[in-house]
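# Residue-level structural notes
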Amino acid sequence: MAAYNQSRSNSIRLVVIISFLVIVLQLVYLQLVDRRYKQLAMDNAVYAKVIYPERGIIYDRKGRAILNNTIIYDLLVTPAEVKGIDTLDFCRLMNIDTADFKRRIIEAIVKNTRVRPSVFKPMLTQELQARFEENSWKFPGFNLVERPLRIYPFNAAAHILGYVREADKRDIERSDNFYRQGDYIGKTGLEAFYEPVLMGQRGVQYMIKDNKNRIVGTYENGAYDTSAIAGRSLHTYIDIELQQLAEKLMSNKVGGIVAIDPRTGGILSMVSGPNYNPNDLSGSEGSKNFSRMQLDVSGPMLNRAIAGKYEPGSTYKPLGALIALNEKVISPSYGYPCGGRYTLCGHGKPECTHAGGGHAANVRLAIANSCNAYFAHIYRLTVDNPKYKNVYDGYLHWKQYMNAFGLGVRLGVDLPSESAGGIADTVVYNKENAGRWTSCTNLTLGIGQDKMQATPLQMANAMCIIANKGYYYTPHFVERIEDEQVYDTAYKNRYKIRHNVLTYIPAAAFNDVIEGMNDVVKVGTARGAQIEGIEVCAKTGTAENYTVLDGRRIKLPDNSMFVCFAPKENPKIAIAVFVQNAGFGATWAAPIARMMMEKYLNDSLSVRSKADSARIEAANLMPAYFKRLQYREDSIRAFKWFQTTRDSAYIDRYTRVGSAVTPLPVTPRSPRPIPTTKEKPAAMAVLSARSAIVKKEMLP
């Protein structure tokens, strides 16, 4: 019996020893190998506060900060830590309702899981920040984090500078998770193009929390903290005073302006109309303003200076003259007996605004007087040049010239979303004309129309090429990057290269064209662009344009265009101005360019220019059809909203009897079942045959 008891005692000891060893090993594992519980304990006791770096500052050419930073606070939430709070009290504190609270918590979980902090409410006002700080101990799981906020001290250059927004899922994936939920990233403009330079490096500060979630001190005296590193600044060629003037002159107008220093390719000013205040996309109202502008049919967020495609019209003519002179199909003294229209293609078009009097007796006179027949004819001489096999071959050589001038190609400006404009290939004309076409088919290319489209940036750059007699530097904004690194050469080197695209054209040909452009201002179509003491070289342009509205092709007022450079000797500024639906180039675009040249070269405006500035700034030239387009788009959105939600709150305004604007018929591609009359009589009015005839007075 004793032996049996001893055996059982040994067994018990063995079990105890094994159990003890298991417990010890488990403790060793938990303490030294498995870090989960330590991490959970750390999460409960230590708050990792992300320190967001200040983004780099952007300066103009005189060292003025045109994009800077201030501090604002985001409210972060870690859903797993939100326990036992008074939701109603929290909602009252933050001015939201409980449904909004639940939605934001769910969004945080979906976007960033329960255990990682997400932005619950960005960019708190000072009042909300103060109220939360006083009551933060009541709401575990919520914390404030400092956020540098972008500010625009001059309220200008929105399309150039761009804006930042919180990194979305796509941004995070594209960055291979370098960006995190709550990080901000440049979305447009210089903010986007120079994001790696401007962004800086985030830091972390570890803080100890008590059992009521209050911060009570630093963890390990900051031994594990990392400092945020501010982004590096950009020094640009932008002249902010010139920019502000240009934006004022483009108020309530559609189009684009670009001013470049031909000596460097540095962009001095770039304006797109309609414009907006860049501060509207910063701060607590930024998201609401962003949504509003996205729905505006006039496109205030579209940078028409680099993405707007326009027929250059007569502003193309100096380019056509240079090509014809270099191809030797004309000489400087070549004249054309224009009687007011071009008749050699049989249809008497294009017409001219001059007739007789030798207004196209040579190249200089033809440029000064902008003779349509002359330039239509020398285009035909160029593409029908006997040294080429046929018109197709001749056209391709002409197209090569156009690409050398920067038309039909992207120039490579340091902004995203640049357009290449449009110079059609022979494939297009072959397809449209069954492979049989002549120089008469696309005759109006000679006056900058037909299938020719250019951006204001491209035309300003083309003026740089003429001013420099054959070369240019890629247009760009940034002159230097603060504390430049080796890898910054990827940005910088491309803008230091001199592109000798047309330096093989004789200087004499350039001189003939430059003198003709000088005559445009002295005795030709743009005498109103003269500046005392400064020799200006320029070319006016006016182009017809049409739109289709409510199924009808409507002729709109002509586009007003002007290109120029000054002074004639050693040019310092080249400008292109495009104003949609404004009329003659000499009436609107020319005085805008004149004032910009005067401001930049003289650093002031004359009494005459100040009066013109006030007149042009006050003029509202917004196309009348935008009102109709906005109504149509809003009514379609209201109808789709009703289809989805059966909420007629938005659709009622488009179905009232006797409303100021006749509703458009809406025919959705895949309509849902039509609601019964019991659901909403007003909705039935929309779904009925609303093929109301558009009121004529609503059309321009």
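Residues numbered from 1 in each chain as written. Predicted model: local features only at pLDDT ≥ 70, side-chain atom pairs only at ≥ 80, totals over all residues. Heavy atoms only, no water.

### Focus on the packing of aromatic side chains
Put simply, the rule reads: When the centres of two rings from Phe, Tyr and Trp lie within 6.5 Å, Trp using its six-membered ring, the rings pair. Their planes under 30 degrees apart give stacked, over 60 give edge-to-face, and anything left gives tilted. In DSSP terms, a helix is any run of H or I states spanning at least four residues, a strand is any run of E spanning at least two, and both are numbered starting from the N terminus. Accessible area is worked out with a 1.4 Å probe on protein chains only. A residue is then buried under 20% of its type maximum, exposed over 50%, and partly exposed in between. Lysine NZ or arginine CZ positioned within 6 Å of the ring centre and within 35 degrees of the ring normal marks a charge as sitting over the ring.
This model, assessed by the stated rule, comprises 25 aromatic pairs. Note on Phe90 and Phe139: the rings are 5.1 Å apart at their centroids and 75 degrees apart in plane angle, and the pair reads as edge-to-face. Taken together, the residues span a long stretch of sequence, with Phe90 in helix H3 (residues 87–94) and Phe139 in the loop between helix H5 (126–135) and strand E5 (142–151) at a distance of 49 residues. By relative accessible area, which is 2% here, Phe139 ends up buried. An aromatic cluster is built from Tyr316, Tyr379, Tyr392, Tyr395, Trp398, Tyr429 and Trp437, whose rings are joined through pairwise contacts. Over the face of the ring belonging to Phe120 we find Arg104, whose NZ or CZ atom lies 5.5 Å from the ring centre. Taking NZ or CZ as reference, Arg165 lies 4.3 Å from the ring centre of Phe290, over its face.

### Some points on the state of the cysteines
In plain terms, the rule: Any pair of cysteine sulfurs within 2.5 Å is marked as a disulfide.
Considering all chains together, one arrives at one disulfide under this definition. One disulfide bridge connects Cys345 with Cys440, the sulfur atoms lying 1.9 Å from each other. Here the S-S torsion is close to -85 degrees, and the disulfide linking Cys345 with Cys440 is therefore left-handed. A residue pair is termed long-range when its members are at least 10 positions apart, and Cys345 in the loop between helix H13 (317–326) and helix H14 (363–369) and Cys440 in the loop between helix H17 (426–432) and strand E14 (452–453) qualify at 95 residues. With relative accessibility at 23%, the residue Cys440 sits in the partly exposed group. Cysteine Cys352 shares no disulfide, and the gap to the nearest cysteine sulfur, in Cys338, comes to 3.4 Å.

### As for a nonpolar patch on the surface
Using the following cut-off: Patch definition: residues with relative accessible area over 30% and no salt bridge; like charges joined within 9 Å; nonpolar side chains (Val, Leu, Ile, Met, Phe, Trp, Tyr) joined within 5 Å. Every accessible area reported is derived by Shrake-Rupley at a probe size of 1.4 Å, with residue values counting cover from the shown protein chains alone. Salt bridges are defined as contacts in which a side-chain nitrogen from Lys or Arg sits within 4 Å of a carboxyl oxygen from Asp or Glu.
A cluster of nonpolar side chains, contributed by Ile17, Phe20, Leu21, Val24, Leu25 and Val28, occupies part of the molecular surface with about 560 Å² of accessible area. When you line up the elements, Val28 lands in helix H1 (residues 2–33).

### A closer look at the pattern of salt bridges
Counting across every chain of the model gives 30 salt bridges. For Arg232, the salt bridge is made with Asp488, and the minimal N-O distance between the two is 2.6 Å. Here Asp488 lies in the loop between strand E16 (478–481) and helix H19 (489–492) and Arg232 lies in the loop between strand E9 (215–218) and strand E10 (234–236), a separation of 256 residues in the sequence. In this pair, the class of Arg232 matches that of Asp488, namely buried. The partner of Glu633 in a salt bridge is Arg632, and the shortest N-O contact between them spans 3.9 Å. On the basis of relative accessible area, Glu633 is assigned to the partly exposed category, the value being 27%. Relative accessible area serves as the criterion here: at 24%, Arg632 is assigned to the partly exposed category. Within the structure, one salt-bridge network assembled from shared partners comprises Asp60, Arg61, Arg64, Asp239, Glu241 and Lys599.

### Some details on the side chain of Gln630
Selection criterion: The term polar contact refers here to a pair of N or O atoms within 3.5 Å; inside protein, the definition further demands a hydrogen-donor-capable atom paired with an acceptor-capable atom, and it admits residues adjacent in sequence only when both atoms are side-chain atoms. Here, two residues are considered to be in contact whenever any of their heavy atoms come within 4.5 Å of each other.
Inspection of the secondary structure assignment puts Gln630 in helix H23 (residues 625–645). Only 2.9 Å separates the side chain of Gln630 from the backbone nitrogen of Val297, close enough to count as a polar contact. Here Gln630 is in contact with Leu295, Asp296, Val297 and Arg637, once residues within four sequence places are set aside.

### Some details on the sheet that holds strand E11 (residues 255–261)
How we decide: DSSP-based pairing: two strands are paired if at least 2 bridges between them are found. All axes here are fitted lines through C-alpha atoms, helices being fitted over the stretch that makes contact, and every angle between N-to-C directions spans 0 to 180 degrees.
The strand order across the open sheet built from five strands is E12-E11-E20-E19-E18, with neighbouring strands paired in antiparallel fashion. The outermost strands of the open sheet, each flanked by one partner alone, are strand E12 (266–273) and strand E18 (537–549). The average undirected angle you get between the axes of adjacent strands in this sheet is 10 degrees. Where E18 meets strand E19 (residues 552–566), 12 bridges bridge the pair, whose relative direction is antiparallel. Counted as the bridge partner of Gly541 is Met561 from E19. Packing against the sheet, helix H21 (residues 589–602) makes contact with E11, E12, E19 and strand E20 (573–579), and its axis sits at approximately 150 degrees to E20.

### What about the confidence of the model for the chain?
In regions of low pLDDT, the predicted coordinates are not meant to be interpreted in detail. Spelled out, the test is: pLDDT is defined as a per-residue confidence score from the predictor, taking values between 0 and 100.
On average, residues of the chain score 86 in pLDDT, and 90% of them are at 70 or above. Scored below 50 in pLDDT, residues 657–700 shows 69 contacts in the model against residues more than four places distant or in partner chains.

### Looking at helix H22 (residues 607–618)
Two residues of an α-helix separated by three or four positions point the same way, owing to the 3.6 residues in each turn. To be explicit about the condition: How far a helix is expected to stretch is found by multiplying one less than its residue total by 1.5 Å. In this description, one arc is meant: the one made by directions from the helix axis to the C-beta atoms.
The terminal C-alpha atoms of H22, which comprises 12 residues, lie 17 Å apart, in line with the 16 Å expected from a rise of 1.5 Å per residue. Residues of H22 that are buried: Ser609, Asp612, Ser613 and Ile616. An end-on view of H22 places all buried positions within 110 degrees of arc, on one side of the element. Residues of H22 that are exposed and angled more than 90 degrees away from the buried face: Val607, Lys610 and Ala618.

### A closer look at the packing of H3 against H5
Stated formally: An angle below 35 degrees is treated as roughly parallel, one above 145 as roughly antiparallel, one from 65 to 115 as roughly perpendicular, and anything else as oblique. Amino acids outside the nonpolar list (Ala, Val, Leu, Ile, Met, Phe, Trp, Tyr, Cys, Pro) and the charged list (Asp, Glu, Lys, Arg) are all regarded as polar, and Gly is one of them.
One can describe the packing of H3 onto H5 by two numbers: an axis separation of 9 Å at closest approach and a directional angle of 150 degrees. The angle between the axes of H3 and H5 places the two elements in the roughly antiparallel class. Each of Phe90, Arg92, Leu93 and Met94 in H3 lies in contact with H5, whose residues at this interface are Leu128, Arg131, Phe132 and Asn135. Its residues placed into classes, the contact of H3 with H5 shows five nonpolar, one polar and two charged.

### Description of the pairing of strand E4 (residues 118–124)
Burial runs high along E4: six of the seven residues are buried. Examined bridge by bridge, strand E3 (residues 65–77) and E4 share four bridges and lie antiparallel to one another. What sits directly across from Leu76, in E4, is Val119.

### Section: helix H16 (residues 391–404)
For H16, which comprises 14 residues, the first-to-last C-alpha distance of 20 Å matches the rise-based estimate of 20 Å (1.5 Å per residue) to within 8%. Every buried residue of H16 is accounted for by Val391, Asp393, Gly394, Tyr395, Trp398, Lys399, Tyr401, Met402 and Ala404. Gly406 sits one or two residues past H16 and shows a positive phi near 95 degrees.

### Some thoughts on unusual backbone geometry
Along the chain, Lys349 connects to Pro350 via a cis peptide bond; the corresponding omega equals 5 degrees. Secondary-structure assignment places Pro350 in the loop between H13 and H14. With an omega dihedral of -15 degrees, the bond running from Ala566 to Pro567 counts as a cis peptide bond. The topology assignment puts Pro567 in the loop between E19 and E20. Although it is not a glycine, Asn155 adopts a positive phi angle of roughly 50 degrees. Note on placement: Asn155 falls in the loop between E5 and helix H6 (158–161). For Lys469, which is not glycine, the phi torsion reads 60 degrees and is therefore positive. Secondary-structure assignment places Lys469 in the loop between helix H18 (456–467) and strand E15 (472–473).

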